[in-house]
Amino acid sequence: DAGVIQSPRHEVTEMGQEVTLRCKPISGHDYLFWYRQTMMRGLELLIYFNNNVPIDDSGMPEDRFSAKMPNASFSTLKIQPSEPRDSAVYFCASSGGAADTQYFGPGTRLTVL
Amino acid sequence: AQSVAQPEDQVNVAEGNPLTVKCTYSVSGNPYLFWYVQYPNRGLQFLLKYITGDNLVKGSYGFEAEFNKSQTSFHLKKPSALVSDSALYFCAVRDIWSGTTSGTYKYIFGTGTRLKVLA
């Protein structure tokens, strides 16, 4: 398996623009997680899905952030409008069960100017 | 409240010496505990986990961790450090989240400890 795939790997955009991050989990995994990593706040869980259903979105910073999982092999995290404070590395991870190991993608480094 | 603490921001150790990266936790019920490593510009990689059984867990790259229930600790160890072990290490605990959907959960990650192995 290719592991968790994220695209793009790097994104540079201007404040106010819409940003869409994409994730393809490992085939067969039924949990998908979105994290954000910054120097100031470390690793934060934004939202996670189980069987394509959002379970806990309490980590989503505000209404500008939204996430979808239309099917078992694809998820998106959208920021609209983007702000400079959204600059971070965004990770997607998937796991195969409630107590199972999470496998992380390589991350998307987002820079909002 | 469920939590995990990594009390050291950075650990420095000479190559060839044993290393320890500390982690303590607070969780109701039986904890599921994990260690992950992050190399520069990479995602987190799984090292090892404790679910049940033997308190000494062996993982990837020669790392091991000891679950200590009385001290609520899960310290990461390696007998002989390598320069290539220099990275950011995260401890995580599984929190059984009693939300609207029973049986759901999420990981709680520590703040990370930067390990620097000096040649």
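The structure reproduced in this document is the subject of the present report. Everything numeric here is computed off the predicted structure, so don't read it as measured data.

Here we look at the overall build of chain A
Next, step 1: Within chain A, the secondary structure is distributed over zero helices and 11 strands.
Next, step 2: Secondary structure elements of chain A occur, N-terminal to C-terminal, as β-β-β-β-β-β-β-β-β-β-β.
Next, step 3: Seen through its principal axes, chain A has C-alpha atoms that stretch 35 × 25 × 25 Å.
Next, step 4: The buried share among the 113 residues of chain A stands at 50%.
Next, step 5: Long-range contacts, defined here as pairs at least 24 residues apart, represent 54% of the contacts in chain A between residues at least 6 apart.

Things to note about the state of the cysteines
Next, step 1: Following the criterion strictly, the structure yields two disulfides over all chains and no others.
Next, step 2: In this model Cys23(A) forms its disulfide with Cys92(A); the gap between the sulfur atoms is 1.8 Å. On the S-S bond that ties Cys23(A) to Cys92(A), the torsion sits near -65°, and the link is left-handed. Of this pair, Cys23(A) sits in strand S3 (residues 19–24) while Cys92(A) sits in strand S9 (residues 88–95), and the two are 69 residues apart along the sequence. Cys92(A) matches Cys23(A) in its accessibility class, with the two residues each being buried.
Next, step 3: One disulfide bridge connects Cys23(B) with Cys91(B), the sulfur atoms lying 2.0 Å from each other. Handedness of the Cys23(B)-Cys91(B) disulfide follows from its S-S torsion of about -60°: it is left-handed. Residue Cys23(B) is found in the loop between strand S3 (19–21) and strand S4 (24–26), and its partner Cys91(B) is found in strand S10 (residues 87–96); the two are separated by 68 residues along the sequence.
Next, step 4: Here Cys91(B) falls in the buried class, since its relative accessible area comes to 0%.

Some words on the nonpolar core
Next, step 1: Counting residues in each nonpolar core, the largest one holds 29 residues, and the members touching the most others are Trp35(B), Leu47(B), Leu48(B), Phe74(B), Leu76(B) and Tyr89(B).
Next, step 2: Put simply, the parts of the chain that give this core at least two residues each are strand S2 (10–14), S3, strand S5 (33–38), strand S6 (44–50), strand S8 (64–68), strand S9 (73–78), S10 and strand S12 (113–118) of chain B.
Next, step 3: Top element by residues in this core is S10(B). It accounts for four residues.
Next, step 4: Residues Ile26(A), Leu32(A), Tyr90(A) and Leu110(A) belong to the second largest nonpolar core, which totals 21 residues.

Calculation rules
- Residues numbered from 1 in each chain as written.
- Chains lettered and ligands numbered in written order.
- Predicted model: local features only at pLDDT ≥ 70, side-chain atom pairs only at ≥ 80, totals over all residues.
- Heavy atoms only, no water.
- Helix = DSSP H or I, 4+ residues; strand = E, 2+ residues; numbered from the N terminus.
- Buried < 20%, exposed > 50% of the residue type's maximum accessible area, 1.4 Å probe, protein only.
- Contact = heavy atoms within 4.5 Å.
- Disulfide = S-S within 2.5 Å.
- Core = buried A, V, L, I, M, F, W, Y, C linked by side-chain atoms within 4.5 Å.

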